[in-house]
Amino acid sequence: MIFNLEGLTVYFPYEYVYPEQYKYMLELKHGLDAKGHGCLEMPTGTGKTITCLALITSYQLAHPECGKLIYCTRTVPEMEKVLAELRVLQAYREKHVGKASEIMALGLSSRKNMCIHPRVADEGSRESVDARCRRLTASWVREKHMDCVSREEETSTELCQFFEDYEKEGPDAVLPPGVYTLADLREFGRKKGWCPYFLARHMIGVANVVVYNYQYLLDPKVSSLVSRELEKECVVVFDEAHNIDNVCIEALSVNIRQQTLDAAGRNITSLSGKIERAKQTDARRLREEYARLVDGLAQQGVLRRGGGEDALQNPVIPDDILREAVPGNIRRAEHFVAFLRRFVEYLKTRMRATQVEQETPAAFLAHLQQSVAIDGKTLKFCYDRLTSLLKTLEIVDTEEYNAVSLVADFGTLVGTYQAGFSLILEPYDERYPNIPDPVFQLCCLDASLAVRPVFEKFQSVFITSGTLSPIELYPRLLSFNPVCISSLPMTLTRECLCPVVITRGADQQAVSTKFDMRDDPGVIQNYGRILIDLAATVPDGLVAFFVSYSYMEQIVSKWHETGVLQQVMQHKLVFIETQDVVETSLALDNYRRACNCGRGAVFLSVARGKVAEGIDFDRHYGRAVIMYGVPYQYTLSRVLRARLEYLRETFQIKEADFLAFDAVRQAAQCVGRVIRSKADYGLMVFADKRYNSHDKRGKLPGWITTHLHEQQLNLSTDMAVQIARAFMREMAQPYDRGVAGKQLLDQAACDALAKQAGFEAPRAIPPSGQS
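Residues numbered from 1 in each chain as written. Predicted model: local features only at pLDDT ≥ 70, side-chain atom pairs only at ≥ 80, totals over all residues. Heavy atoms only, no water.

Draft legend 1. Region of interest: the overall build of the protein. A tally of helices and strands in the protein yields 35 helices and 21 strands. With respect to the three principal axes, the spread of C-alpha positions in the protein is 85 × 80 × 50 Å. Within the protein, buried positions represent 57% of all 771 residues. In the protein, the share of contacts with a sequence separation of at least 24, taken over all contacts with a separation of at least 6, comes to 79%. When the accessible area of the protein is evaluated, it comes to approximately 31700 Å², of which 50% is carbon and sulfur surface. Here the protein contributes 91 positive and 97 negative side-chain charges, whose respective centroids are spaced 0 Å apart. (Helix = DSSP H or I, 4+ residues; strand = E, 2+ residues; numbered from the N terminus. Buried < 20%, exposed > 50% of the residue type's maximum accessible area, 1.4 Å probe, protein only. Contact = heavy atoms within 4.5 Å. Areas by Shrake-Rupley, 256 points an atom, 1.4 Å probe, with all protein chains shown as cover. Lys, Arg positive; Asp, Glu negative; His and termini not counted. Charge placed at Lys NZ, Arg CZ, Asp CG, Glu CD.)

And the structure:
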């Protein structure tokens, strides 16, 4: 339908719109009109993606000054889903508007997902695909090859023909308008003989919609390559952003292990050998590099990337990179390598500690200066100087130098940032105190550091998800001022959500995964009884989430010994998520097959795991979900303790509040997996007495708590099973879609809302060729 939303003509590709979709569009429009940022929670299964795309692309059509839409997702399947929705929307727009609505939309991912070179694409890991690609596309490799060809000599270097053909086309290598998924880009690349990865990177500049991973904006090492040229007028959307603070922290944190330092030592020896050979064969290169370093890397444009040698980028936020000459003591290649060796030896010495050590970056730098006479300013240039050296020595196999790059990354970050970071040295894993396994962690404690450049650079940034409650905490954690902040309810014609809180077993013993109760045989037996009874009551698929892998292994082992699993398997087959991605994918595939053939299945999974974050158990694949316990982070973790202390001192966020917020958002994410549309239905079981307290319950999203009535709280197992039976019986009744339609807004209803607000019916731009 085409309707008027406060003066904006919106093109929506379906006949009806949900009331919450209409409100969501209003909030988005207010944010865009105010040229500000927003934080929006919309229930799962209510068409958040298509709503967001329809509103923003309609806004772009009405306001040509509005920049491109940058849509950030967490996974490749989510990216493909967004582009599939956009294709439906675009087909509708072209039907009603014609050529004027043509857009360029594309997805961008790593070389591993986009490469079409037969040998490179088969490399396996992302790092090895990147390294192999650079071996074929680096500028000096190509120059050597061309030199040999011009002299009619035999060449041992191989080039990527797809990249060469793309380069030959120059500015003419463009995509025609359209919506391109990763598969479409690969297909187009094969047809034209062009490299789809570099073509997509080039087309970002002219595209109207770009869909890619969070890291392309939040991780400075990646964003400075891919997103540097994006204009200020862009609209950025972070979808499924309930964990965005953790993504920001990971982007600026570095862990160094003993193996890393050993490998870095070997890298440094290898670099020394290459420098000596370069001195004998081509000293001019080293002299030219020295001259450039005197003037400063940034001003000379030495660190700008071209072709395939975009392996390394500064880990520091762009505004914090020093625009000045590199210090004299690391300008010469051999001096820099000696400096790196000294730094690595210092870290090795620190790793020999037998006690846990925690310090600020300032204390670390003071000790470093005192011990080995390395100052913070020199450390700041570590990463850029290494990048320049690898380029000067024409090293393409940068995968081999990952260890020394990680050490340079560590040095640059610790030299640049004082506030918001902490250094923690743990000599062993607390679970195995007799086995030395030292790890030196540079922990970012402030999520706002990585996301601040995004809020400052772009006009409008929206953070959205189905589970952002309590929504007021996100602006504080990320240090931004939203012009629109809203948590939207879910309008339902039937109660297709049934959340229940089980606080005790049929024997009236309390159930919980609290540390002092989790090993209690009575609790484990009662948890088993919940699974047996629900497996007998709920049709098709049932998913159970545990608080950790270790707890799941412990409880499943006990269930096996006590015969619980055998009883469950009389009703359904049992599948388990493991830490191996391939095993889990196979288990999921078989779980779905068991649901499809009517045998029914139980999938045992882990909160914060791959399944909890990215897999939908819609329709018969998930008729009930059980959340065993409250998925708190490991509260004895020193990294977490440091972050909690920082949040308390800097943002006045209490430790208990943050821990409860973090645990409950994970629980909401888990139970939200079962509802993926309004025609869907599912039972949500919170199996822990702590969910009965308002402190936990109040942090669940509003669209769950509105269905959590008094009679569904503080239940024993047998009472919960009675509610489950009644719910499943009610859901099995024929579903009157006519009644459901009364809640939907059709064309007339949208026009009436526009008229009520003082706006006329919309006027669509006629397709070209029509009057």
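Draft legend 2. A look at helix H27 (residues 581-596). If you check H27, its first and last C-alpha atoms are 23 Å apart, about what 16 residues at 1.5 Å a residue would give, namely 22 Å. When H27 is considered as a whole, its buried residues turn out to be Thr-584, Ala-587, Leu-588, Tyr-591, Ala-594 and Cys-595. Taken down its axis, H27 places every buried residue within 125° of arc, on the same side. Facing away from the buried surface of H27 by more than 90 degrees, the exposed residues are Val-582, Leu-586 and Arg-593. Buried residues along H27 sit in contact with strand E16 (541-546), strand E17 (573-576), strand E18 (601-606) and helix H28 (610-614). The N-terminus of H27 is capped by Asp-580, whose side-chain oxygen sits 2.9 Å from the backbone nitrogen of Val-582. Gly-598, located one to two residues past H27, shows a positive phi value of around 90°. (Expected span 1.5 Å × (residues − 1). Arc of directions from axis to C-beta. Polar contact = N/O pair within 3.5 Å; in protein donor to acceptor, adjacent residues only side chain to side chain.)

Draft legend 3. Broad picture of the pairing of strand E11 (residues 421-428). Burial analysis of E11 places 7 of its 8 residues in the buried class, the great majority of the element. Where strand E10 (residues 357-359) and E11 come together, 3 bridges link them in antiparallel fashion. Bridge assignment links Glu-359 to a residue of E11, and that residue is Leu-423. Of the strand pairs in this sheet, E11 and strand E12 (residues 436-444) are connected by 7 bridges, and their pairing is antiparallel. Each residue of the ladder has a partner; that of Leu-425, found in E12, is Phe-440. (Pairing = 2+ DSSP bridges.)

In short, shape yes, function no, at least from these values alone.
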